Amino acid sequence: MPHANTTAIENPRTPTVRFAPSPNGLLHVGHARSAVLNWRFARECDGAFLVRIEDIDLTRARPEYERAIFEDLGWLGLEWPTPVRRQSDHFADYREALSELRKLGLLYPAFMSRSEMQDRVRMAETPDRPWPRDPDGAPHYPGDDRSLASAERDRRIASGAPHGWRLDMKAALNGLGMTLSWTEHGAGSNGETGVIAADPAAWGDVLLARRDIPASYHLAVTVDDAIQQITDIVRGQDLFAATSVHRLLQQLLGLPVPRYRHHSLILDANGRKLSKSDGATSIASLRKQGHTPADVIAMAGMTTEA
Ligand code: GLU
């Protein structure tokens, strides 16, 4: 697959969208919103609505949550083709993408544990020199491992040192020779639509393979969207900034570029986005309390279709 200078072509295929939950908790009203928006978008343009199970985090994914996802979506009146794509069945696809990036010289093994990383940042940070942070507020990965000599990398790997794989962001952007953008048809992060300039550098050296898994969220979602020929990505505004990373990976791996529609989120009484750990707004508990699908759709801020 080509590296730089690939022309970004917007995907011309049958409109295809996906709802891609992680089975690590019960779906809540915010998920209902995303699922129904995807479903309605597909219906309006005579396209396909897919469900994808994002379960790369094997320590958190549970079969009962996966079953609950299907039950909740069916109860809301949605239908989708089966079998659905389950990410844990496709590690080979992510390994292949990693090997492409490695061949391009854009990956390096990252040995620091989360706590080593936090210590490193704490030591280096001063009030007037804050450590750079990504759009989610996490510190950028320190550059130490990026500048390790390759003999030392090999030695550590051979000695069995646990390691993930990170993208050398500077090298990736230097090799690109172009700026990246995407077309936003939704609410953007603050309501902006149209051509959005991507800013992958804001994320630093993003994690592409975790220590225990040959993938990360960013890698798996980008590879899957291409394999499933997703033309339109309808998802919450909380993933707006992550789109910059996905655009970069698409470019590096020569993948098609979907259109994006980031939708606004449903917030709780304290102005925070709903969380799976707060059972109160789960679709399952609302159903048990006697609410109808139309009630839940209304709680999700949408009117029921005639
Ligand atoms: N699996 C992600 C989530 O549950 C959604 C991924 C996406 O839509 O890109 O938040």
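Scroll up to find the structure this text is about.
Described below are features of the structure shown in this document.

To continue, consider the overall build of the protein chain. Within the protein chain, the regular secondary structure consists of ten helices and ten strands. Over its C-alpha atoms the protein chain spans a radius of gyration of 20 Å, differing by no more than 12% from the 19 Å that the globule rule assigns to 306 residues. Residues classed as buried in the protein chain amount to 47% of the 306 residues present. Excluding contacts between residues fewer than 6 apart, the proportion of contacts in the protein chain whose partners are at least 24 apart in sequence is 78%. Looking at the protein chain as shown, the accessible area adds up to about 14700 Å², and 52% of this sits on carbon and sulfur atoms. In the protein chain, which carries 36 positive and 39 negative side-chain charges, the distance between the mean positions of the two groups comes to 3 Å.

Let us look at the pattern of salt bridges. Overall, the coordinates contain 20 salt bridges when judged by the stated rule. Here Arg146 and Asp205 are joined by a salt bridge, their closest N and O atoms 2.9 Å apart. Remark: Asp205 occurs in the loop between strand E7 (194–197) and strand E8 (207–209) and Arg146 occurs in the loop between helix H4 (114–124) and helix H5 (150–158); sequence separation between them is 59 residues. For the salt bridge of Asp232 with Arg259, the shortest nitrogen-to-oxygen distance reads 2.7 Å. Taken as a pair, Asp232 in strand E9 (residues 232–236) and Arg259 in strand E10 (residues 259–263) lie far apart in primary sequence, 27 residues in all. Several salt bridges share partner residues, and in doing so they unite Arg18, Arg52, Glu54, Arg85, Asp93, Asp224 and Asp225 into one network.

Burial of E9 is extensive: five of the five residues sit out of reach of the surface. Pairing of E9 with E10, which is carried by five bridges, proceeds in the parallel orientation. Each bridged residue has a counterpart across the sheet, and for Val234 the counterpart in E10 is Arg261. Handedness of the crossover joining E9 and E10 through helix H8 (residues 243–253) is recorded here as right-handed.

A few words on the packing of helix H6 (residues 169–176) against H8. Close contact between H6 and H8 brings their axes to 11 Å; oriented N to C, the two are set at 60°. Here H6 is positioned oblique relative to H8, judged by the angle of their axes. For the crossing formed where H6 meets H8, the hand is left-handed. Seen from H6, the contacting residues are Met169, Ala172, Leu173 and Leu176; seen from H8, they are Leu248, Gln251 and Leu252. In terms of residue class, the contact of H6 with H8 is built from six nonpolar, one polar and no charged.

Take the pairing of strand E1 (residues 16–19) next. In E1, alternate side chains face the same way, and those of Thr16 and Arg18 on one face and Val17 and Phe19 on the other are all buried. Relative to strand E2 (residues 48–53), E1 runs parallel, the two sharing four bridges. Bridge pairing in E2 links Arg18 to Leu50. On the question of chirality, the crossover connecting E1 to the parallel E2 by way of helix H1 (residues 29–44) is right-handed.

So, about the sheet that holds strand E3 (residues 85–86). Strand order in the open sheet formed by three strands is E1-E2-E3, with parallel pairing between adjacent strands. Each having just a single partner strand, E1 and E3 make up the two edges of the open sheet. Across the sheet, H1 is in contact with E1 and E2; its angle to E1 comes to roughly 165°. Across the sheet, helix H7 (residues 217–227) touches E1, E2 and E3, and the angle it forms with E2 is around 145°.

This part covers the nonpolar core. Counting residues in hydrophobic clusters, the biggest one holds 39 residues, and the most contacted among them are Tyr94, Leu101, Leu167, Leu208, Leu219, Leu248 and Leu252. Every element with two or more residues in this core is listed here: helix H3 (91–103), strand E5 (164–167), H6, E8, H7 and H8. Grouped together as the second largest cluster of nonpolar side chains are 28 residues, Leu27, Val36, Ile266 and Ile283 included.

Thresholds applied
Counting restarts for each chain, with residues numbered from 1 along the sequence as it is written. Residue-level local features of this predicted model are given only where pLDDT is at least 70; pairs of side-chain atoms are given and counted only at 80 or more, and the full residue set underlies all totals for whole chains, interfaces and linings. Calculated side-chain values reflect all of the structure's heavy atoms, with hydrogen atoms and water omitted. In DSSP terms, a helix is any run of H or I states spanning at least four residues, a strand is any run of E spanning at least two, and both are numbered starting from the N terminus. We compute the radius of gyration from the C-alpha atoms alone; for a globule the expected value is 2.2 Å times N to the 0.38, where N is the number of residues. Any residue under 20% of the maximum accessible area for its type is buried, any over 50% is exposed, and the rest in between are partly exposed; the area is computed with a 1.4 Å probe on protein chains only. The contact criterion used is simple: two residues touch if any of their non-hydrogen atoms lie within 4.5 Å. Here the accessible surface of atoms and residues is derived via Shrake-Rupley with a 1.4 Å probe, and residues count as covered only by protein chains that are part of the display. Neither His nor the chain termini are counted; the positive set is Lys and Arg, and the negative set is Asp and Glu. To locate a charge, take atom NZ for lysine, CZ for arginine, CG for aspartate or CD for glutamate. In what follows, salt bridge is the name for a side-chain nitrogen of Lys or Arg lying within 4 Å of a carboxyl oxygen of Asp or Glu. Pairs of strands are assigned from DSSP output, requiring at least two bridges between the strands. Here a crossover is taken to be right-handed if, once the strands point away from the viewer, the path from the first strand over the helix to the second is traced clockwise. What counts as an axis is a line fitted to C-alpha atoms, over the stretch in contact for a helix, and the angles between N-to-C directions run from 0 to 180 degrees. An angle below 35 degrees is read as roughly parallel, one above 145 as roughly antiparallel, one from 65 to 115 as roughly perpendicular, and any other as oblique. Throughout, a crossing is termed right-handed when the near helix is turned clockwise from the far one, and left-handed when it is turned anticlockwise from it by less than a right angle. Polarity classes work like this: nonpolar for Ala, Val, Leu, Ile, Met, Phe, Trp, Tyr, Cys and Pro, charged for Asp, Glu, Lys and Arg, and polar for all others, with Gly in that last group. By convention a nonpolar core is built from buried Ala, Val, Leu, Ile, Met, Phe, Trp, Tyr and Cys residues, the set being connected through side-chain atoms within 4.5 Å.

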